[in-house]
Amino acid sequence: MASDSYNIGTAGTAARELIRCGTTPKAVVSMYVANTTASVRKYTIRHVPADETPDDKFCLFKDVSIRANTTVTIDVPVFLNRGDIIDVSSDAASAVVVTAYTIAYSDFTRLR
């Protein structure tokens, strides 16, 4: 079972694309959100379906606070179809780093 990892470096105040699903449906199996600053920060993660315009109606996590110099793990599966996007933003530039790990959806269903 192969997995892929995605990292955007630091999230900015404008949404940045973390994952764009290609032709094979994927399952995001974990995400790690790290605040690399000495201040509390907020992050937003959205799952934007293919052919949709990014909008807050697609928020999975909206303005979630993360303590200074802390990493949190998100272990909630997110299923991506062809063309779907996961994007990320923060309340401050160069403050929050997000990494995600995916596997093929077919592999995920075999694990359950």
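In this text, all values refer to a predicted model and were calculated from it rather than measured experimentally.

Q: Is there a simple way to think about the packing of aromatic side chains in this case?
A: The description of an aromatic ring pair uses the distance of the two centres, along with the angle that the planes make with each other. In this structure the tally under the stated criterion is three aromatic pairs. Here the aromatic residues Phe79, Tyr105 and Phe108 are joined through ring pairs into a cluster of three or more.

Q: How should I be thinking about unusual backbone geometry in this particular structure?
A: Note: most residues except glycine have negative phi, and most peptide bonds are trans. Here the phi dihedral of Asn69 falls at roughly 50°; this positive angle occurs in a residue that is not glycine. Structurally, Asn69 can be placed in the loop between β5 (59-66) and β6 (70-74). Given a relative accessible area of 57%, Asn69 falls into the exposed group. Positive phi outside glycine occurs at Ser94, with the angle close to 55°. Within the secondary structure layout, Ser94 lies in the loop between β8 (85-90) and β9 (96-104).

Q: Mind showing me how you'd approach the sheet that holds β8 here?
A: Strand pairing in a sheet takes place through backbone hydrogen bonds and is either antiparallel or parallel in direction. Strand order across the open sheet formed by four strands is β2-β8-β4-β5, with antiparallel pairing between neighbours. The strands lining the two open edges of the sheet, one partner per strand, are β2 (16-20) and β5. The sheet shows a mean angle of 20° between the axes of neighbouring strands, direction not considered. Note: strand β4 (residues 41-48) against β8, six bridges, orientation antiparallel. Each bridged residue has a counterpart across the sheet, and for Ile45 the counterpart in β8 is Val88.

Q: For this particular structure, what's the right way to read the pattern of salt bridges?
A: Any two side chains of opposite charge can pair if their charged atoms end up close together. Under the counting rule described, the total for this entry stands at seven salt bridges. Put simply, Lys62 and Asp63 hold a salt bridge, and the shortest N to O gap is 3.7 Å. Sharing partners across several salt bridges, the network here consists of Arg46, Asp56, Lys62, Asp63 and Asp87.

Q: Please clarify how the state of the cysteines should be interpreted in this entry.
A: A disulfide bridge is the covalent bond that connects two cysteines by way of their sulfur atoms. Per the counting criterion, the structure on display carries zero disulfides. Free of any disulfide, Cys21 has its nearest cysteine sulfur in Cys59, 20 Å distant. Overall, the relative accessible area of 4% leaves Cys21 in the buried class. Using a relative accessible area of 23% as the deciding quantity, one classes Cys59 as partly exposed.

Q: Explain the nonpolar core here, please?
A: In terms of nonpolar packing, the biggest core is built from 22 residues, with Leu18, Ile19, Met31, Val33 and Ile45 touching the most fellow members. For this core, the secondary structure elements donating two or more residues are β1 (3-11), β2, β3 (26-35), β4, β7 (78-80), β8 and β9. When residues no more than four places from it in sequence are discounted, the contact partners of Ile19 are Tyr6, Val28, Leu80, Asp84, Ile85, Ile86, Ala100 and Thr102.

Scoring rules and cut-offs
Residues numbered from 1 in each chain as written. Predicted model: local features only at pLDDT ≥ 70, side-chain atom pairs only at ≥ 80, totals over all residues. Heavy atoms only, no water. Phe/Tyr/Trp six-rings, centres within 6.5 Å; stacked < 30°, edge-to-face > 60°. Helix = DSSP H or I, 4+ residues; strand = E, 2+ residues; numbered from the N terminus. Buried < 20%, exposed > 50% of the residue type's maximum accessible area, 1.4 Å probe, protein only. Pairing = 2+ DSSP bridges. Axes fitted to C-alpha atoms, helices over the stretch in contact; angles between N-to-C directions. Salt bridge = Lys/Arg side-chain N within 4 Å of Asp/Glu carboxyl O. Disulfide = S-S within 2.5 Å. Core = buried A, V, L, I, M, F, W, Y, C linked by side-chain atoms within 4.5 Å. Contact = heavy atoms within 4.5 Å.

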